Amino acid sequence: MTWYWWLAIVLGIVLLMAALLAKRMWLTLKYKDEDLVDELLNETFWQGQTAEQLRDSLGEPLDIDQKVLKTKVKEVWKYEQAGKNRYALKITLDDGVVVGWDQK
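Notes on the structure follow. (Residues numbered from 1 in each chain as written. Predicted model: local features only at pLDDT ≥ 70, side-chain atom pairs only at ≥ 80, totals over all residues. Heavy atoms only, no water.)

## Observations concerning the overall build of the chain
We count it as follows: Secondary structure elements follow DSSP: runs of H or I of four or more residues count as helices, runs of E of two or more count as strands, with numbering from the N terminus. We compute the radius of gyration from the C-alpha atoms alone; for a globule the expected value is 2.2 Å times N to the 0.38, where N is the number of residues. Each residue's exposure class comes from its accessible area (1.4 Å probe, protein chains only) as a fraction of the maximum for that residue type: buried when under 20%, exposed when over 50%, partly exposed otherwise. Throughout, a residue-residue contact means that at least one pair of heavy atoms, one from each residue, lies within 4.5 Å. Where accessible areas are quoted, they stem from the Shrake-Rupley method and a 1.4 Å probe; at the residue level, only the protein chains shown are allowed to cover. When charges are counted, Lys and Arg contribute as positive and Asp and Glu as negative, whereas His and the chain ends are disregarded. Lysine's charge is taken at NZ, arginine's at CZ, aspartate's at CG and glutamate's at CD.
Helix and strand counts for the chain come out as three helices and four strands. In terms of overall size, the chain is more extended than a compact globule, its C-alpha atoms giving a radius of gyration of 18 Å where 104 residues would be expected to give roughly 13 Å. Per-residue burial for the chain yields a buried fraction of 26% across its 104 residues. Within the chain, contacts between residues separated by at least 24 positions form 23% of all contacts whose residues are at least 6 apart in sequence. When the accessible surface of the chain is split by element, carbon and sulfur atoms take 60% of a total near 7500 Å². Averaged over its 14 positive side-chain charges, the chain has a centre that lies 9 Å from the centre of its 16 negative ones.

## Regarding the packing of helix α1 (residues 3-31) against helix α3 (residues 51-58)
Condition: Fitting a line to C-alpha atoms yields each axis, with helices limited to the stretch in contact; the angle taken between N-to-C directions then spans 0 to 180 degrees. Any angle between 65 and 115 degrees counts as roughly perpendicular, while under 35 counts as roughly parallel, over 145 as roughly antiparallel, and the rest as oblique. Basically, the charged four are Asp, Glu, Lys and Arg, the nonpolar ten are Ala, Val, Leu, Ile, Met, Phe, Trp, Tyr, Cys and Pro, and anything else, Gly included, counts as polar.
At a minimum axis distance of 12 Å, the contact between α1 and α3 shows a crossing angle of 170°. On the basis of their axis angle, the class for α1 and α3 is roughly antiparallel. Here Lys23, Trp26, Leu27, Lys30 and Tyr31 of α1 come into contact with α3, specifically with Glu52, Gln53 and Asp56. Per-class residue counts for the contact of α1 with α3 are three nonpolar, one polar and four charged.

Here's what the structure looks like:
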């Protein structure tokens, strides 16, 4: 490899690290909880997690199914598309809070 390829690789790594550091700082200012920020940066999800925390952890879902019932709003957020209208991860939220998931 020539020197400019190595330079491009190093610059790419530096940019990725800067983006991760910026995201960590933004989440820390937002939540003021280092343990929570670590979980979000590790892209984890859990029961009781808010919709906003889920977005900060996994990003925008590829699709959302929503049902408005008399007493609650039920949503299924879909991630990791595995085929046409098939998803490897489906997370269920009631009134904006994670209550369960199906992961294949």
